[in-house]
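So you can see what is in the structure, the chains are spelled out below.
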Amino acid sequence: MTLTLILEQAFNGLQAGVTLFLVAAGLTLILGIMDVVFLAHGAQVMIGAYAAAAIAAATGNFYIGLLLAVPVTFASGYLLEFLLIRHLYRRDHMEQVLATFGLILFFNELIRIGFGPAALYSDLPPSLSGFVEILPGTPYPVYRLGVILVGLACAIAIHMFVSRTRIGAMVRAGANNPAMTAALGINIKLLLRFIFAAGACFAGVAGMMLGPITAVQPGMGEPLLILSLVVIIIGGIGSVRGAFIAAIIVGLVDTLGRVFLPAMLRLVVDQATADGAGPAVASMLVYILMAVVLIFRPTGLFPAKG
Amino acid sequence: MSAIRDFIGLVGDGVKANQTLWLLVFGFALFPIFTHFADLPFWNDVAMRIMLLGMAAMGLNLVLGYGGMVSFGHAAFIGIGAYCVGISQFYGISNGWAHLGFSIVPCGLAGLVIGYLALRTSGIYFIMITLAFAQMLFFLFVSLEAYGGDDGMSIDRGEFGFIDLYDPLRLYFLIWCALALVSLALMFIVRSRFGVTLRAIKSNESRIEAMGLSPLRFKMVGYVISAVICGIAGTLFASWQEYVSPDIMHWTRSGELMIIIILGGLATLAGPLLGAIVFLLLEESLPMLLGAVAPAYAENWMIIFGPLLIMVVLFGRGGLTGIIDRLSGTRGNADHKAGPR
């Protein structure tokens, strides 16, 4: 029974981790290369989720919704960079925080006007709503397993792209030293617009996949944004590899902490104290983890800047 | 005697150099007379909110504007201050002075710890770490079921001896006194040797280090002072709304404080107060304006407010105080032209 529970929760943690990675992957490059604080990345998650839910509802096919939402989020990221973000590169951090904060308000309200304030719930197609036995006697939802697999596939694709292709080399060079990369004749602005659109796209994919698991509602991306910022800080700004490892760690620590920490505390202190303090400590766990990492490694585990 | 005369002279110099600030503070003292004769008691409430948010923003401005430390987590200190009222009432302490005392110490300590850890970093890392600490405290209060958890707890206004806070005017003037004292204190701090050093650190940290001073120590002191000011604002905020919940320290409030400062003008004393006035007036009037044009969308005023913020960033350099300086032809504060980097 406990082994089943641990395994199930570990899978849930893994699923949270890969979702976080999809949000953090683009953001870490945006922060790393252009030193831009972009808080509206959570809005991209929301746009992806709404695009998928709306298209699925209109066509009646879940898969078409997922498929068509990808270009929608890519386009929204591309447009956003072109219309606003490129004007913010030379501004200081505070102004970037303010402008992207304004963007969050704008997008949340736009969605509220378009789709209403209530949460949308989308049904899974029958082919995805079953269970699969990951170990004999341990059923696990097919859909969540699918999320893990898609997330891992995206992670591998991003890794191959960044480490094996020519454009990937430019991306890494940009994260390491943007000025020098530009001096070598690489069009870093175009590169950044592409990264921005791709990052928005991956955040959108995370939103689409979360849609059927959680409620699709205005502001749904914000908790994810803040957790992915924690991921980026732990992993080191600008490092895709660091973001992946940190995302998995944060996903596991958060999920397992919430389930098992109250029980573990009960072994040390009396029940009443443990029941009171357990959830409190569990919800703070990832932030404590981040503080500890920063005390020993102020630039994160895998800093990209050399 | 001469010490008192020196002090008065010092205050006089400060007031002369910060006329906008003191005009505003003076205006807030007279505002209830206006609302009384115009029969608009509702606007007293708005004015109290302006003063409270303005006070918190003034505290944040010490680190953000003068120190160049972009803290994205100051809502946490407002929250700690507010919860100090709630929690001490939970244990039967109803004296308002005690609430203020109890909030100053925890806020100072929290500022010390968060500052010590966060100030080891800079740039984006600093922004994110302060945000993360604020989130940590937010979730701590969400999960503390004993103190209401997510739903928060309703509280009674503290007892300040002869000042009965259920009389709206007395509450107003208690908040006003706090605002005036905070303004006075910040005016001295900014004009002191400490304040000058803080600004020097912002423009060139390594030079200050080369002069044999420890920038970290100055930044820490500034951080703690600003945390305490936000805590005081939070304590009064809780008394004002007779209710405290984790919402008071939601990360969007840290954003609001930043908006207020940038709207008003960085590294100016009057800026945050001016910004708070404009921010809250927009918040009150945009729904009305939108309701007049398109009644169905009156609730969706943020669709205008968001782009407005972006416009302020793109086109409004130096905030409102910058505009006032330009209009009145006085030489603007060099700080907000140089920018915090």
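Residues numbered from 1 in each chain as written. Chains lettered and ligands numbered in written order. Predicted model: local features only at pLDDT ≥ 70, side-chain atom pairs only at ≥ 80, totals over all residues.

What follows concerns the overall build of chain B. Across its full length, chain B carries 15 helices and two strands. A compact globule built from 341 residues would reach a C-alpha radius of gyration of about 20 Å, and chain B, at 20 Å, matches this within 12%. Seen along its three principal axes, the alpha-carbon backbone of chain B occupies a region of about 50 × 50 × 45 Å. Among the 341 residues that make up chain B, the fraction classed as buried is 50%. (Helix = DSSP H or I, 4+ residues; strand = E, 2+ residues; numbered from the N terminus. Rg over C-alpha atoms; globule rule 2.2 N^0.38 Å. Buried ≥ 20, exposed ≤ 12 C-beta atoms within 10 Å, placed from the backbone.)

Now for the overall build of chain A. Helix and strand counts for chain A come out as eleven helices and two strands. Secondary structure elements in chain A, listed N-terminal to C-terminal, are α-α-α-α-β-β-α-α-α-α-α-α-α. Compactness check: chain A gives a C-alpha radius of gyration of 20 Å against a globular reference of 19 Å for 306 residues, within 12% of the reference. Expressed as lengths along the three principal axes of its C-alpha atoms, the size of chain A is roughly 60 × 50 × 35 Å. The proportion of buried residues among the 306 residues of chain A is 50%. At a minimum sequence separation of 6, the contacts of chain A that also span at least 24 residues come to 77%. (Contact = placed C-beta atoms within 7 Å.)

With that settled, the discussion passes to the pairing of strand 1 (residues 131–135) of chain A. Residue and element names in this part refer to chain A. In the sheet, strand 1 pairs with strand 2 (residues 138–141) via four bridges, with the strands oriented antiparallel. Its bridge partner being in strand 2, Leu-135 is matched across the sheet by Thr-138. In sequence, strand 1 turns back onto strand 2 through a hairpin of two residues, with Gly-137 there showing a positive phi of about 85 degrees. (Pairing = 2+ DSSP bridges.)

All names here are of chain B. Averaged over every residue, the pLDDT of chain B is 84; the share at 70 or more is 94%. Highest mean pLDDT in chain B belongs to helix 10 (residues 215–241) (91); lowest belongs to helix 15 (residues 334–338) (41). Per-residue pLDDT stays below 50 along residues 331–341; that stretch engages in 23 contacts with residues further than four places along the chain or on separate chains. This prediction of the complex comes with two scores: 0.86 for pTM and 0.82 for ipTM. (pLDDT = per-residue confidence, 0-100.)

What follows concerns the nonpolar core. Looking at soluble globular proteins, one finds that nonpolar side chains tend to be buried together. Counting residues in hydrophobic clusters, the biggest one holds 211 residues, and the most contacted among them are A:Val230, A:Val231 and B:Leu52. Leaving out residues up to four positions away in the same chain, B:Leu52 has contacts with B:Ile175, B:Ala233, B:Leu236, B:Phe237 and B:Trp240. (Core = buried A, V, L, I, M, F, W, Y, C linked by C-beta atoms within 7 Å.)

In this section: the interface of chain A and chain B. Each partner contributes to the interface: chain A provides 38 residues, whereas chain B provides 41 residues. For the side of chain A that touches chain B, the secondary-structure elements that each account for two or more residues are helix 4 (93–115), helix 9 (222–235) and helix 11 (271–296) of chain A. Looking at the side of chain A that touches chain B, the element that brings in the most residues is helix 4 of chain A, giving 15 residues. Within the side of chain A that touches chain B, the residues separate by chemical class into 27 nonpolar, five polar and six charged. (Nonpolar A, V, L, I, M, F, W, Y, C, P; charged D, E, K, R; others polar.)

Residues and elements named next belong to chain B. With respect to the helices and strands, Ala-233 occurs in helix 10. Each C-alpha atom, one on Ala-233 and one on Ala-146, is 24 Å from the other, the two residues being 87 residues apart in sequence. If we skip the residues at most four places from it in the chain, Ala-233 touches Leu-52, Met-55, Ala-56, Gly-59, Ile-78 and Gly-81.

Here we take up helix 3 (residues 41–66) of chain B. Residue and element names in this part refer to chain B. Taking 1.5 Å per residue as the helical rise, helix 3 with its 26 residues ought to reach 38 Å, and the 36 Å between its terminal C-alpha atoms agrees with that figure. With 19 of 26 residues buried, helix 3 lies mostly within the body of the structure. The first or second residue beyond helix 3 is Gly-68, which carries a positive phi of 70 degrees. (Expected span 1.5 Å × (residues − 1).)

Let's shift gears to helix 6 (residues 166–176) of chain A. Within helix 6 of chain A, the full set of buried residues consists of A:Met170, A:Val171, A:Gly174 and A:Ala175. Down the axis of helix 6 of chain A, the smallest arc covering the buried residues is 135 degrees, so these residues share one side. (Arc of directions from axis to C-beta.)

If a residue is not glycine, its phi is most likely negative; likewise, a peptide bond is most likely trans. All names here are of chain B. A positive phi angle, close to 55 degrees, is found at Asp-39, a residue other than glycine. Note on placement: Asp-39 falls in the loop between helix 2 (19–38) and helix 3. Positive phi, normally seen in glycine, also occurs at Glu-242, with a value near 55 degrees. Note that Glu-242 resides in the loop between helix 10 and strand 2 (243–244).

Bringing the packing of helix 1 (residues 2–34) of chain A against helix 5 (residues 142–164) of chain A into the picture now. For any two helices packed against each other, the geometry is given by the interaxial angle and the distance between the axes. All names here are of chain A. Close contact between helix 1 and helix 5 brings their axes to 9 Å; oriented N to C, the two are set at 40 degrees. Considered as vectors, helix 1 and helix 5 are oriented oblique to each other. Seen from above, helix 1 lies across helix 5 with left-handed handedness. Taking contact as the criterion, the partners of Phe-11, Leu-14, Gln-15, Val-18, Thr-19, Phe-21, Leu-22 and Ala-25 in helix 1 are, on helix 5, Arg-144, Val-147, Ile-148, Gly-151, Leu-152, Cys-154, Ala-155 and Ile-158. (Axes fitted to C-alpha atoms, helices over the stretch in contact; angles between N-to-C directions. Parallel < 35°, antiparallel > 145°, perpendicular 65-115°, else oblique. Left-handed = near helix turned anticlockwise from the far one by under 90°.)

To continue, consider the packing of helix 4 of chain A against helix 13 (residues 302–315) of chain B. Closest axis-to-axis distance for the helix 4 of chain A/helix 13 of chain B pair is 7 Å, and the angle between their directions is 160 degrees. Classified by the angle between their axes, helix 4 of chain A and helix 13 of chain B sit roughly antiparallel to one another. For helix 4 of chain A against helix 13 of chain B, the interelement crossing comes out left-handed. On helix 13 of chain B, the residues that touch A:Glu95, A:Leu98, A:Ala99, A:Phe101, A:Gly102, A:Leu103, A:Leu105, A:Phe106, A:Glu109, A:Leu110 and A:Ile113 of helix 4 of chain A are B:Met302, B:Ile303, B:Phe305, B:Gly306, B:Pro307, B:Leu309, B:Ile310 and B:Val313. Taken together, the residues that form the contact of helix 4 of chain A with helix 13 of chain B break down as 15 nonpolar, two polar and two charged.

With that out of the way, let us pick up the environment of A:Ala25. Residues and elements named next belong to chain A. Looking at the element boundaries, Ala-25 is found in helix 1. Judged by the 27 C-beta atoms lying within 10 Å of it, Ala-25 falls in the buried class. Taking the C-alpha atoms as reference, Ala-25 lies 21 Å from Tyr-50; in sequence the two are 25 residues apart. Ignoring anything within four residues of it in the chain, the contact list for Ala-25 reads Ile-158, Gly-199, Phe-202, Val-240 and Ala-243.

The next thing to look at is the environment of B:Val190. Residue and element names in this part refer to chain B. Tracing the backbone shows Val-190 in helix 7 (residues 168–191). In this structure Val-190 comes out as buried when scored by C-beta crowding, with 22 C-beta atoms within 10 Å. It is 9.9 Å that separates the C-alpha atoms of Val-190 and Gly-14, two residues lying 176 residues apart in sequence. Not counting residues up to four positions away in its chain, the partners in contact with Val-190 are Tyr-66, Gly-195 and Leu-269.

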